[in-house]
Structure formats: structure tokens, C-alpha cells
Amino acid sequence: MSAQQPVEPICVRVNDAARMIGVGRTKLYELISSGELETVKIGKATRITTASLRELVNRQRVSH
């Protein structure tokens, strides 16, 4: 029997993205508006790419 590996999401919901980086929804939307986070529209749903979340954190680590 083979156990399936957990799948790492490539995009997440707004609330989940905010929780992942420890900010509120308002701040997350500011980051989206400023172009610091990449979003994907799937139907009417907005998703944030996990790659852009990682890149944001890495940029902040380098600059501070």
C-alpha cells in the first residue's frame, strides 16, 4: 500500500494567505494592490500564489 504525499498548494485563499504571513486581510489587500503579491482569478474567486508569498517574505528578510 502506498501512502500519498501531501500536496503543497500553489495558491491559497485570501484568509489563508493572510494567516500564512501573519497579517490581516486589509494589509494583504494592500500588498496585492501594490503589486507585491501575485493573484490568480479562478472564476470569481481570488487566490494568492504561494510562490509570491515566499518571495515577499524573502524580500523582507533581505531588506531588513
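Here, every reference points to the structure presented above.
Anyway, here's the lowdown on the structure attached to this text. (Residues numbered from 1 in each chain as written. Predicted model: local features only at pLDDT ≥ 70, side-chain atom pairs only at ≥ 80, totals over all residues. Heavy atoms only, no water.)

### Some words on the pairing of strand S3 (residues 45-49)
- With three bridges joining them, strand S1 (residues 11-13) and S3 adopt antiparallel strand pairing. By the bridge assignment for S3, cysteine 11 is matched with threonine 49.
- Two strands pair when backbone bridges link them, and strand S2 (residues 39-42) and S3 are joined in this way by four bridges, in the antiparallel orientation. When the sheet's bridge partners are listed, threonine 39 is paired in S3 with isoleucine 48.
- The hairpin turn running from S2 into S3, its antiparallel successor, is two residues long, and glycine 43 in that turn takes a positive phi close to 65°. (Pairing = 2+ DSSP bridges. Helix = DSSP H or I, 4+ residues; strand = E, 2+ residues; numbered from the N terminus.)

### Structural notes on the pattern of salt bridges
- Within the structure shown, the criterion is met by three salt bridges.
- The partner of arginine 54 in a salt bridge is glutamate 8, and the shortest N-O contact between them spans 2.4 Å. In this pair, arginine 54 sits in helix H3 (residues 50-63) while glutamate 8 sits in the segment before S1, placing the two residues 46 residues apart along the sequence.
- Judged by its relative accessible area of 45%, arginine 54 falls in the partly exposed class.
- With its nearest N and O atoms 3.7 Å apart, the salt bridge here joins glutamate 30 to lysine 27. Of the two residues, glutamate 30 and lysine 27 are both situated in helix H2 (residues 25-33); the distance of three residues between them amounts to about one turn of the helix. (Salt bridge = Lys/Arg side-chain N within 4 Å of Asp/Glu carboxyl O. Buried < 20%, exposed > 50% of the residue type's maximum accessible area, 1.4 Å probe, protein only.)

### Overview of the nonpolar core
- Formed by Val12, Val14, Ala17, Ala18, Leu28, Leu31, Ile32, Leu37, Ile48, Leu53 and Leu56, the largest nonpolar core amounts to 11 residues.
- Of all the elements in the fold, those that place two or more residues in this core are helix H1 (14-21), H2 and H3.
- If we ignore the near neighbours within four places in the chain, the residues touching isoleucine 32 are Leu37, Thr39 and Ile48. (Core = buried A, V, L, I, M, F, W, Y, C linked by side-chain atoms within 4.5 Å. Contact = heavy atoms within 4.5 Å.)

### Remarks on H2
- For H2, every residue scored as buried is listed here: Leu28, Leu31 and Ile32. The arc that holds the buried residues of H2, viewed along the axis, is 100°, so those residues lie on one side. Across from the buried face of H2, at angles greater than 90 degrees, the exposed residues are Thr26 and Ser33.
- One or two positions beyond H2, positive phi appears at glycine 35, with a value near 85°. (Arc of directions from axis to C-beta.)

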